[in-house]
Amino acid sequence: MRAIVVGAGIGGLTAAVSLARAGCEVTVVERAARFGEIGAGIQLAPNATRVLRHMGLLDAVAAQAARPSQWSFRTWSDGSEITRYLLGREAEAEFGAPYLQVHRADLHEALAAAVPARSVRLGTTAVAIDQDDGSAYVTTAAGERLGADLIVAADGIRSPARRWLFGPDEAVFSGTAAYRALLPAAEVADLDLPDFAIWLGPDRHFVHYWIRSRQLLNVVAVVRTEEPRVTRKAAEAQASSKVVAAAQESWTALAEPGEPLSAFAGWDPRVLRILERAGRMNRYGIHTRTPLTRWNVGRVTLLGDSAHAMVPFQAQGAAQAIMDAAVLADTLTDATPSDVPTALDHYVRRRLATATTIQTHSSQAGEDYHLPDGPEAQSRNTRMANYGTKHPFGPLAGAWAEDQTALTATKRSPTQGSTT
């Protein structure tokens with residue numbers, strides 16, 4: 001089985017490793033000329049770390065990670081605790097895998113190290129995908145036409161492949177933007193911070209947690225904004241000056257000096273001290289994709305953000321891409337090239353409903369986090385506290401229990417019908 005994976009992000013590399021383990025000959029096509037350290041913190045719940053263990057990569061990732069013992073929700077104005085949920089050893093015992101917080105680059109490096117260098121074509125831009133009855137093809141900007149039995153489009157939230165398969169479809173601005181920063185542990189040692197906390201306030205929430213074995217504090221400050229989505233031309237012009245509108249999606253664009261502090265004026269002093277010490281922060285608009293009713297056509301399928309980009313308010317975006325890759329490889333195990341279209345139908349059937357539900361719940365969480373002070377916020381706080389009493393791992397734990405890496409004894413080949 002020959003497979004081409006378009007995109008070498010977390011989803012694409014996980015797919016490459018998983019497909020190779022399933023017996024495929026894999027080529028990864030990536031437009032970037034080299035891999036670099038981009039992004040910041042990322043959370044890996046047990047559904048994702050279970051897949052990493054199955055791939056033999058969990059130890060490498062965990063060595064660079066932090067393992068929070070609990071998850072604390074706080075009130076914006078004075079930091080009083082609303083509720084806390086268990087993580088740490090209790091969660092690992094319950095769900096069979098740890099909850100980790102890592103630098104995105106560390107996860108990416110571990111995945112990239114598991115893909116043979118000869119299988120990755122950097123500096124190669126896919127400009128078209130087409131197929132016939134027997135094969136699928138990627139055309140590159142250099143004019144090459146690469147053929148395979150299967151193409152996996154893991155080309156991100158602004159996926160060209162999604163447009164090629166299903167027609168024009170733009171990323172949707174969520175109405176929220178995030179400021180991000182990483183602070184050395186020594187710079188915040190005097191603040192008596194909880195290990196992992198989300199501070200909830202009107203039209204705002206503030207997240208911090210440790211990464212790189214607690215050497216760095218990852219900070220994400222989310223604000224609601226009604227600014228319209230920036231056009232591509234305008235975004236490029238703004239990026240050149242390093243000052244961007246709220247809706248621009250960029251890992252490297254910078255906010256105006258003092259902008260985060262102004263946005264969080266009046267918040268708990270610990271939040272303000274973090275923002276002061278962070279200096280000038282990165283800022284990006286948070287985008288999603290409209291849910292699809294299918295991800296695949298013939299021998300080509302979407303995976304990860306290209307299929308189901310979501311707001312990050314349940315910390316499941318990367319986890320869902322990792323789950324996609326595991327299920328895709330599981331479905332293709334023992335399949336022949338002629339089985340691919342049917343196998344992809346089964347992959348989508350196993351994953352689409354779950355990923356779409358997580359998309360919806362993530363958006364709802366954002367609404368819940370940003371309620372105005374008063375009866376609505378008080379009701380939310382009471383509800384969260386009551387839930388934590390009965391369900392110690394919190395409302396997100398339902399997704400953590402899902403195990404897509406275990407092969408069932410009754411699993412059938414793609415030609416025998418659906419595997420659930």
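Residues numbered from 1 in each chain as written. Predicted model: local features only at pLDDT ≥ 70, side-chain atom pairs only at ≥ 80, totals over all residues. Heavy atoms only, no water.

Engineer: Explain the overall build of the protein to me, please; I cannot follow it from the model alone.
Structural biologist: When its secondary structure is counted, the protein shows 14 helices and 18 strands. Looking at the protein as a whole, 55% of its 420 residues qualify as buried. As displayed, the protein offers around 17,500 Å² of accessible surface, 50% of which is attributable to carbon and sulfur atoms. (Helix = DSSP H or I, 4+ residues; strand = E, 2+ residues; numbered from the N terminus. Buried < 20%, exposed > 50% of the residue type's maximum accessible area, 1.4 Å probe, protein only. Areas by Shrake-Rupley, 256 points an atom, 1.4 Å probe, with all protein chains shown as cover.)

Engineer: I would appreciate a short explanation of the pairing of strand S10 (residues 145-148) in the present structure.
Structural biologist: Looking down a regular strand, the side chains alternate between one sheet face and the other. Here S10 shows a buried face lined by Leu146 and Ala148 and an unburied face lined by Arg145 and Gly147. In this sheet, S10 lies alongside strand S9 (residues 136-140) in antiparallel orientation, the contact comprising four bridges. Directly across from Ala136, in S10, lies its bridge partner Ala148. Between S9 and S10, which pair antiparallel one after the other, the connecting turn spans four residues, and Gly143 there sits at a positive phi close to 95 degrees. (Pairing = 2+ DSSP bridges.)

Engineer: Any chance you could explain the sheet that holds strand S18 (residues 300-302) here in plain terms?
Structural biologist: One key point about sheets: their strands pair by backbone hydrogen bonds, in either a parallel or an antiparallel sense. Judged by pairing direction, the sheet is mixed, and its six strands sit side by side in the order S7-S2-S1-S11-S18-S17 without closing on themselves. With partners counted over all chains shown, the strands left at the sheet margins are strand S7 (120-121) and strand S17 (296-297), one partner each. In this sheet, S7 lies alongside strand S2 (residues 25-29) in parallel orientation, the contact comprising two bridges. When the sheet's bridge partners are listed, Val29 is paired in S7 with Arg121. Most of the contacts of helix H12 (residues 340-369) go to S18, to which it runs at about 15 degrees, and overall it touches strand S11 (150-153), S17 and S18. (Contact = heavy atoms within 4.5 Å. Axes fitted to C-alpha atoms, helices over the stretch in contact; angles between N-to-C directions.)

Engineer: Just checking my understanding: could you explain the packing of helix H2 (residues 46-54) against helix H11 (residues 317-332) for this structure?
Structural biologist: Helix-helix packing is characterised by the crossing angle of the two axes and by the distance between the axes. Contact pair H2 / H11: the axes reach a minimum separation of 9 Å and the direction vectors enclose 40 degrees. Between H2 and H11, the angle is such that the two are oblique. Regarding H2 and H11, the two cross each other, and that crossing is left-handed. Seen from H2, the contacting residues are Asn47, Ala48 and Val51; seen from H11, they are Ala319, Gln320, Ile322, Met323 and Ala326. By residue class, the composition of the contact of H2 with H11 is six nonpolar, two polar and no charged. (Parallel < 35°, antiparallel > 145°, perpendicular 65-115°, else oblique. Left-handed = near helix turned anticlockwise from the far one by under 90°. Nonpolar A, V, L, I, M, F, W, Y, C, P; charged D, E, K, R; others polar.)

Any functional reading would require information that these geometric values do not contain.
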